[in-house]
Amino acid sequence: MKIPFNKPYLTGKETKYIQDAINSGKISGNGLFTKKCHKYFEERYGFNKCLLTSNCSNALEMTALLLDVQQGDEIIIPAFTFVSTANAFILRGAKIVFADIEKERPNIDVTTLEPLINEKTKAIVVVHYAGMACDMDAVMALAKKYSLYVIEDAAHSLDAYYKNRPLGSIGHLSTFSFHETKNIISGEGGMLVINDAQFCERAEIIWEKGTNRSAFFRGEIDKYTWVDVGSSFLPSDIIAAFLYAQLESFENIQKKRIAIWNRYFNAMQPLAQQGFFNLPNIPDYAMNNAHMFYIIFEDADLRTQLIQYLKQKHILAVFHYLPLHLSPFYKDKHDGRLLPVTVNTSDCLLRLPFYYELQEQEQNFVIEHIKMFFEDKSK
Ligand SMILES: *Cc1c(COP(=O)(O)O)cnc(C)c1O
């Protein structure tokens, strides 16, 4: 038996909808399926306005353009995240001020943020790791106090909640990913959510190469022209057709993923109680969306040994982000603050194989081998 770390799930409707898009004669951006996807997300989650993008990295770049991020501006970002969270602002010449994460879970530690804020600070970007909500009341209160914008990098967080509010609906702007490793996929894909209405009009313009083309197609103006900076951030309607097929199976996908997550959690509990590692610690204000299943070891060696052991059994379990403040690109630009929880979590976190089509028998195979590894250890 061979267990990959991830396996993209196809509902079977993707090719039909792609064919429909092709038959419609319009496969560039902002077509029929793009509009269907926007409507779906706006209705289901109450997002003020949605714009599909070619990926989440693009959506993050759009947030930097919308906030007019300039050279010298400072953006606070957790050091434990994907590079795109930071790159979007680096591309505009901003300085990234990396924050540490919580000991309890790999989310930005809101209690450490206030001393990082100064008159150059423009925004705080939060990442809801594994779809677990950050403490958004605290983040929004801090942002209000210092007149900062909040961006939710919600790449992991579709269908996850904070105090019954959908993640992605709380910050001024939010971004999602439909990369093949996420819950709902389109190969590559993403979405910008605009909750703060002051950004709606300009977001559409930036999305359409800096032109007011969207308003033109709605008949609001009689010719379209170049009015602002922008790029081609919108995906082909072929991508949206793929995504729409996924959305039709969304409930089913989530149900299955949550069942897989719960099986891991229950099976790992005895080992966690013996102190071999820590399980995900979901705060009361958050709701799990089963984006991934991770465990955190006390020390890095044990993690490395388990990765090796599982690999020999053809099971792929993987670590995650490397600390961005220590990366070759940023280490000389960082202000030198130690971010010990980020470093420790990066060394000690392990993600187990997790995908829709993970069969019970396959999951048992993973679980049994993890148990065997620790039985050998305690001998
Ligand atoms: C996946 C991911 C991204 C980037 O998504 P793309 O769609 O690949 O650009 C950004 N941030 C986080 C936290 C992610 O997990």
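Residues numbered from 1 in each chain as written. Predicted model: local features only at pLDDT ≥ 70, side-chain atom pairs only at ≥ 80, totals over all residues. Heavy atoms only, no water.

Caption draft 1: Representation of the sheet that holds strand 5 (residues 149-153) in the model. Taken in spatial order, the seven strands of this open sheet run 1-9-8-5-4-2-3, and their pairing is mixed. Whereas interior strands pair on both sides, the edge strands pair on one side only; in this sheet they are strand 1 (49-53) and strand 3 (95-99). Strand-to-strand twist in this sheet, taken as the mean axis angle between neighbours without regard to direction, amounts to 20°. Relative to strand 9 (residues 190-194), strand 8 (residues 173-177) runs antiparallel, the two sharing five bridges. Across the sheet, residue Phe 176 finds its bridge partner in strand 9, namely Met 191. Set on the sheet, helix 2 (residues 32-45) makes contact with strand 1 and strand 9; between it and strand 1 the angle comes to about 135°. Packed on one face of the sheet, helix 6 (residues 200-207) meets strand 1 and strand 9 and runs near 15° to strand 1. (Pairing = 2+ DSSP bridges. Helix = DSSP H or I, 4+ residues; strand = E, 2+ residues; numbered from the N terminus. Axes fitted to C-alpha atoms, helices over the stretch in contact; angles between N-to-C directions. Contact = heavy atoms within 4.5 Å.)

Caption draft 2: Just the site of the ligand, in detail. Around the ligand there are 14 residues in total, and Ser 57, Asp 153, His 156, Ser 177 and Lys 182 lie nearest to it. At 2.8 Å from an oxygen atom of the ligand is found a main-chain nitrogen or oxygen belonging to Cys 56. In the model, a nitrogen atom of the ligand is placed 2.8 Å from a nitrogen or oxygen of the Asp 153 side chain. Considering the ligand on its own, with 380 Å² of exposed area, one finds that the protein chains cover 93% of that surface. Of the residues in the shell around the ligand, the class split is five nonpolar, seven polar and two charged. (Near = heavy atom within 4 Å. Polar contact = N/O pair within 3.5 Å; in protein donor to acceptor, adjacent residues only side chain to side chain. Areas by Shrake-Rupley, 256 points an atom, 1.4 Å probe, with all protein chains shown as cover. Nonpolar A, V, L, I, M, F, W, Y, C, P; charged D, E, K, R; others polar.)

Caption draft 3: Fine view of the sheet that holds strand 11 (residues 286-287). Spatially, three strands are ordered 7-6-11 in an open sheet, and the strand pairing comes out antiparallel. Strand pairing shows two members of the sheet lacking a second neighbour, strand 7 (165-166) and strand 11, which therefore form its edges. Note: strand 6 (residues 161-162) against strand 7, two bridges, orientation antiparallel. Opposite Tyr 161, over in strand 7, you have Pro 166 as the bridge partner.

Caption draft 4: The side chain of Asp 237, seen in detail. Along the chain, Asp 237 turns up in helix 8 (residues 237-248). Nearest to the buried, unbridged Asp 237 among oppositely charged side chains is Lys 26, at 6.5 Å. Those residues within four positions of Asp 237 in sequence are excluded, and the remaining contacts are Ala 21, Lys 26, Ile 27, Ser 28, Gly 29, Gly 31, Leu 32, Phe 33 and Thr 34. (Buried < 20%, exposed > 50% of the residue type's maximum accessible area, 1.4 Å probe, protein only. Lys, Arg positive; Asp, Glu negative; His and termini not counted. Salt bridge = Lys/Arg side-chain N within 4 Å of Asp/Glu carboxyl O.)

Caption draft 5: Local environment of the environment of Phe 5. Structurally, the position occupied by Phe 5 is in the segment before helix 1 (14-23). When residues no more than four places from it in sequence are discounted, the contact partners of Phe 5 are Leu 316, Val 318, Arg 351, Leu 352, Pro 353, Phe 354 and Tyr 355.

Caption draft 6: The arrangement of the pairing of strand 5 in detail. Of all five residues making up strand 5, four are buried, and the element is well covered by its neighbours. Where strand 5 and strand 8 come together, three bridges link them in parallel fashion. Pairing of Ile 151 across the sheet is with Leu 173, part of strand 8.

Caption draft 7: Inspection of helix 6 at higher detail. When you tally the buried positions in helix 6, you get six out of eight residues, the bulk of the element. When we look at burial in helix 6, the residues that qualify are Cys 200, Ala 203, Glu 204, Ile 205, Ile 206 and Trp 207. Packing partners of the buried residues in helix 6 comprise helix 2, strand 1, helix 3 (56-66), strand 9 and helix 7 (213-217). The positive-phi residue at the C-terminal boundary of helix 6 is Lys 209, with phi of around 60°.

Caption draft 8: A look at the pairing of strand 2 (residues 74-78). For strand 2, the buried fraction is high: five of the five residues fall into the buried class. Residue alternation in strand 2 divides its side chains into two sets, Glu 74, Ile 76 and Pro 78 and Ile 75 and Ile 77, and both sets are buried. Note: strand 2 against strand 3, five bridges, orientation parallel. Directly across from Ile 75, in strand 3, lies its bridge partner Ile 96. Taken together, strand 2, helix 4 (residues 83-90) and strand 3 form a β-α-β motif whose crossover is right-handed. (Right-handed = clockwise from strand over helix to strand, strands pointing away.)

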